Amino acid sequence: MRRTLIAGNWKMYKTISEALELVNNLKRELVDQDTVDVVICPPYTALSEVSDILNGSNIGLGAQDLHWEEQGAFTGEISAAMLKDAGATFVIIGHSERRKYFFETDQSVNKKIIAAQSKNLTPIVCVGETLEEREENRTTQVVEKQLKQGLKNLNPESIEKLVIAYEPVWAIGTGRTATPGQAEEVHEFIRNWIKAEYSEELSSGLRILYGGSVKPSNIKELIGQPDIDGALVGGASLEKDSFAGIIRNVK
Ligand code: PEP
């Protein structure tokens, strides 16, 4: 049985004091909920202090990216060990904004997954097509390539310990959500791909999140789909009411 996971991606929002305010409010709001796994991914600067607040709570902590090297002369980058040290246990990898603005590739995604898992961070690996690719009917082809190259040479133990997020690029931050049917179609494709490449057991245990303008009003329908196991939430994770509303409406 797959437990629902709702992860909030705060992107480049929230100073440390703003982050602490939101996280304190969320903690209070979600204190009694134990049916959904919840993770928040603040900016790097807030990780350590947010981690102190979350300690012992039912909310997990993730980062938004990492570098694949252990350490070195990579100005501006951050390693898996540093994220772990700051209290993170999850990390988003290959978000479409990283792919688009920072030229991230499926090859770097692959290296980042390996680096993250070497420090016991759970990768949330993002895949998804652009509007142009969808309109050219290339959605599954694009997602398959991202899976094939992003998960290249990963062993079953590694697949077992990661989460995939299907995020159609055209639905991120646009207010345009994939219909539950459109999302389910790709989620099913991803699950079947894992089944064919690995095993039925791995594919049926894999959590596949949907991301793209998820809000309290649309989560119910999305989560009602058989292969949608949660959500990666951007904009709506920045306010207590909308993020908690999503979590509440999952049930
Ligand atoms: C995201 O950043 O992963 C995302 C899905 O953003 P939004 O919910 O704002 O579309």
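Reference entry: report on the structure contained in this document. Predicted model only: the values in this text are computed from it and were never measured. (Residues numbered from 1 in each chain as written. Predicted model: local features only at pLDDT ≥ 70, side-chain atom pairs only at ≥ 80, totals over all residues. Heavy atoms only, no water.)

**What about the pairing of strand E4 (residues 90-93)?**
Step number 1: Along E4, one buried face is formed by Phe90 and Ile92 and the opposite face, lined by Val91 and Ile93, is buried too.
Step number 2: In this structure, strand E3 (residues 59-63) lies alongside E4, joined through two bridges in parallel fashion. Considered in E4, the bridge of glycine 62 is made with phenylalanine 90. (Buried < 20%, exposed > 50% of the residue type's maximum accessible area, 1.4 Å probe, protein only. Helix = DSSP H or I, 4+ residues; strand = E, 2+ residues; numbered from the N terminus. Pairing = 2+ DSSP bridges.)

**Concerning helix H9 (residues 180-197)**
Step number 1: Across its 18 residues, H9 extends 26 Å between first and last C-alpha, which sits within 8% of the 26 Å expected from 1.5 Å per residue.
Step number 2: Buried residues of H9: Pro180, Ala183, Glu184, Val186, His187, Ile190, Arg191, Trp193 and Ile194, and no others. (Expected span 1.5 Å × (residues − 1).)

**A short note on the packing of helix H1 (residues 16-29) against helix H12 (residues 240-250)**
Step number 1: At a minimum axis separation of 10 Å, H1 and H12 run at an interaxial angle of 35°. When you trace H1 past H12, the crossing you get is right-handed. Together, Leu22, Asn25, Leu26 and Glu29 of H1 and Lys240, Phe243, Ala244 and Arg248 of H12 make up the contact between the two elements.
Step number 2: Of the residues contributing to the contact of H1 with H12, the split by class is four nonpolar, one polar and three charged. (Axes fitted to C-alpha atoms, helices over the stretch in contact; angles between N-to-C directions. Left-handed = near helix turned anticlockwise from the far one by under 90°. Contact = heavy atoms within 4.5 Å. Nonpolar A, V, L, I, M, F, W, Y, C, P; charged D, E, K, R; others polar.)

**Looking at the side chain of glutamine 64**
Step number 1: Among the secondary structure elements, glutamine 64 is positioned in the loop between E3 and helix H3 (80-85).
Step number 2: Here lysine 11 takes part through its backbone oxygen, which lies 3.0 Å from a polar atom of the side chain of glutamine 64.
Step number 3: Within the structure, the side chain of glutamine 64 is placed 3.0 Å from the backbone oxygen of cysteine 41, a separation counted as a polar contact.
Step number 4: If we skip the residues at most four places from it in the chain, glutamine 64 touches Asn9, Trp10, Lys11, Cys41, Pro42, Pro43, Tyr44, Val91 and Ile92. (Polar contact = N/O pair within 3.5 Å; in protein donor to acceptor, adjacent residues only side chain to side chain.)

**Remarks on the sheet that holds strand E6 (residues 163-166)**
Step number 1: Pairing is parallel around the closed barrel formed by eight strands, whose spatial order is E1-E2-E3-E4-E5-E6-E7-E8. When the angles between neighbouring strand axes are averaged without regard to direction, this sheet yields 25°.
Step number 2: Relative to the sheet, helix H2 (residues 44-54) contacts strand E2 (37-41) and E3, its axis offset from that of E3 by approximately 165°.

**Some details on the site of the ligand**
Step number 1: Neighbouring the ligand are 14 residues; Lys11, Glu167, Gly173, Ser213 and Gly234 lie closest to it.
Step number 2: One nitrogen or oxygen atom from the side chain of glutamate 167 is found 2.6 Å from an oxygen atom belonging to the ligand.
Step number 3: Between the ligand and glycine 173, the relevant distance is 2.6 Å, taken from an oxygen atom to a main-chain nitrogen or oxygen of the residue.
Step number 4: Classifying every residue of the shell around the ligand by side-chain character gives four nonpolar, eight polar and two charged. (Near = heavy atom within 4 Å.)

**Quick notes on the nonpolar core**
Step number 1: In this structure, Ile6, Ile40 and Leu151 are the most contacted members of the largest nonpolar core, which totals 67 residues.
Step number 2: Apart from the residues within four sequence positions on either side, isoleucine 6 is in contact with Val36, Asp37, Val38, Val39, Ile219, Gly230, Ala231, Val233, Phe243, Ile246, Ile247 and Val250.
Step number 3: One finds Ala7, Ile124, Cys126 and Leu209 within the second-largest nonpolar core, a separate group that totals 12 residues. (Core = buried A, V, L, I, M, F, W, Y, C linked by side-chain atoms within 4.5 Å.)

**With respect to the environment of glutamate 201**
Step number 1: When you line up the elements, glutamate 201 lands in helix H10 (residues 200-205).
Step number 2: What makes glutamate 201 exposed here is its relative accessible area of 67%.
Step number 3: Considered as a pair, glutamate 201 and glutamate 160 are 41 residues apart in the sequence and their alpha carbons are 9.4 Å apart.

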